[in-house]
Each structure stands twice: as C-alpha cells, then as structure tokens.
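# What the coordinates show
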Amino acid sequence: MFDDELGPQNENEGSDFIAATATDVRTIWSAWLERGWHGVKVAEWAGLYLPAKLDADIRFLNLLVDKVPDFARVAQRMRREAVGDLIRDQHLLPWTSKARPQFFSEHRDGHQLELKDREHAFPVSQVKSLVLMALEEGDIEQARNRLVYCWLIPTVHCTNQTHRALPSRCENFDRPFDRYSSRHEKMGDLSLRRFDGTIIDPDAYSRSHLLEDLRTIDQLKPIVDGLEGLTFPAPEEEARYTSAMTKRGSSGRDN
C-alpha cells in the first residue's frame with residue numbers, strides 16, 4: 001500500500017529494535033504515520049474510511065436482501081466478511097511490518113525466540129460478531145467504536161508455535177491480550193514485551209492500559225479519545241451470537 005522508499009532511513013534495519021529507546025521507537029512510528037498512504041493519514045482512515053466503508057457495505061447488502069430475499073443467507077456471510085476485511089486492513093499502522101519496531105513481542109524468560117508470525121489480539125471471528133451485534137441493536141456509534149478499537153489493537157509478534165497454540169476465543173474483552181495469558185495451558189510461561197522493554201502480564205493489562213499506551217503516539221491520540229463510551233457484550237452473549245451466525249453445516253468455516 002505504501003511507497004516504502006519514502007520511509008524513515010532506519011526502516012530497513014530489521015525487527016530487532018530492543019536497543020532502541022521508547023522515544024526512538026515513537027519517532028520511527030510517527031514518521032511512518034505522518035507519511036500516510038497517498039496523502040491519507042491514519043486519523044482520516046480510522047475516522048472516515050472505516051466507518052463509511054462499513055456503513056456502505058452493510059447498506060448495500062441490506063438493500064440487496066430487500067430486493068431479492070433469496071440473498072439473505074449470502075448477505076449474512078458477506079456482512080461478516082465486510083467487517084473482517086476492514087479489521088485486517090491495518091497497513092497504516094506501523095507495527096504491521098516486521099521492518100519496524102513491534103508494539104508487543106512474545107517473551108519467555110531464558111529463551112531465544114524465533115519470532116516469525118504476527119497475530120491479532122481478538123480473533124477476527126469475534127470482532128465480526130462484536131461489530132454486527134451493535135449494528136443489529138441499532139447502535140451505529142457503538143459499532144463504529146468497536147470496529148476502530150479492534151482495528152487499533154496492535155498485533156503480537158510471536159513464534160509460529162505460539163500462533164498455532166493460541167486459544168480460539170478471547171474470554172474477557174476487557175483484557176485485549178487475554179488469549180496470551182499463561183492461564184491457558186498451551187501458553188506456558190508466555191508474557192509480552194512492550195516496545196519500551198517493559199514485560200507485560202496479559203492478565204493484568206487491561207483495555208484502559210492499552211488505550212493509554214496508544215495515546216502516547218501523537219497521531220493516534222485523537223482517534224483513541226474518540227472511543228469514549230466504548231462497551232462490549234459479555235463473552236457468553238457474543239459466543240451465542242457467533243455460533244448462530246456461523247452454523248453452515250459441514251461446508252465452510254468462519255474465521
């Protein structure tokens with residue numbers, strides 16, 4: 001999406017930024033965010049494009065079903081895919097590239113890790129449901145807030161083994177990195193290393209902690225400030241909704 005030759009000079013130094021200070025990291029990120037994409041900055045993408053694209057896709061699918069009711073089942077699937085595509089479209093966020101400092105990286109005491117993968121905090125299947133639940137309740141603002149918040153949550157730079165072992169569901173939406181908790185047997189002694197070198201316990205790191213960390217990045221502060229009033233349903237409610245929306249027999253699966 002971007003013209004990489006215009007990026008910061010140290011953008012191609014690889015993924016090992018442990019020696020960089022938090023100020024260095026924020027400088028690299030800010031340079032990336034200031035460049036934008038063909039003149040579009042991250043605030044415009046999050047504040048205009050994401051909600052407008054969501055609204056346009058949902059309106060089109062609803063109109064299609066009104067005109068041709070036989071499209072109802074297909075439209076249900078495509079509504080979920082519309083949200084999923086927007087969530088995955090995180091190229092404007094600097095840590096989506098391994099060539100720049102990562103916001104969070106997997107950490108295990110005494111282990112040298114081969115970090116090859118990047119994985120979301122919330123599974124995309126859950127994000128789809130969280131956004132669509134708000135839309136079906138008629139709460140457009142909440143749907144937009146959930147979409148933007150989940151889009152902002154940094155991915156985790158992790159090993160392939162951890163990626164494959166992650167639980168399929170987040171059990172607590174107030175803890176964005178709940179899936180990485182050592183409570184889960186397959187996670188073992190996993191913790192997260194934040195970009196400033198601080199070791200984070202996923203069980204103690206809340207949504208409010210994440211939002212405060214994101215606010216320290218100048219270009220993201222107004223986006224974060226716009227998420228006031230963000231709420232989530234209970235995970236049990238989301239689980240029932242997701243189950244109902246994704247039952248399609250043996251053919252296909254939601255992800």
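This write-up is about the structure you can find in this document.

The next point concerns the environment of G84. Considering the arrangement of structural elements, one finds G84 in helix α3 (residues 72-88). Given the relative accessible area of 0%, G84 is considered buried. Through-space distance from the C-alpha of G84 to that of P123 is 9.9 Å; in sequence the pair is 39 residues apart. Setting aside residues no more than four positions away along its own chain, G84 makes contact with V124 and K128.

This part is about helix α4 (residues 124-136). Look at α4: 18 Å from first C-alpha to last across 13 residues, which is about the 18 Å you get at 1.5 Å a residue. Within α4, 12 of the 13 residues are buried, which leaves it mostly tucked inside the rest of the structure. Every buried residue of α4 is listed here: V124, S125, Q126, V127, K128, S129, L130, V131, L132, M133, A134 and L135. In the core, the buried residues of α4 are packed alongside α2 (42-67), α3, α5 (140-152) and α9 (235-246). Following α4 by one or two positions, G138 has its phi on the positive side, about 80°.

Among the nonpolar cores identified, the biggest contains 61 residues, and F122, Y149, W151, L152 and L220 are the most heavily contacted of them. Contact partners of W151, with chain neighbours within four places excluded, come to V42, W45, A46, L50, L86, I87, D89, Q90, L92 and L93.

Turning next to the sheet that holds strand β2 (residues 117-119). Two pairing modes exist for strands in a sheet, parallel and antiparallel, and in both the strands are linked by backbone hydrogen bonds. Ordered in space as β2-β3-β1-β4-β5, the five strands form an open sheet in which the pairing is mixed. Because the sheet does not close on itself, it has two edges, and the strands there are β2 and β5 (199-200). With four bridges joining them, strand β1 (residues 104-107) and strand β4 (residues 191-194) adopt antiparallel strand pairing. When the sheet's bridge partners are listed, E106 is paired in β4 with L192.

Thresholds applied
- Residues numbered from 1 in each chain as written.
- Predicted model: local features only at pLDDT ≥ 70, side-chain atom pairs only at ≥ 80, totals over all residues.
- Heavy atoms only, no water.
- Helix = DSSP H or I, 4+ residues; strand = E, 2+ residues; numbered from the N terminus.
- Buried < 20%, exposed > 50% of the residue type's maximum accessible area, 1.4 Å probe, protein only.
- Contact = heavy atoms within 4.5 Å.
- Expected span 1.5 Å × (residues − 1).
- Core = buried A, V, L, I, M, F, W, Y, C linked by side-chain atoms within 4.5 Å.
- Pairing = 2+ DSSP bridges.

In short, shape yes, function no, at least from these values alone.
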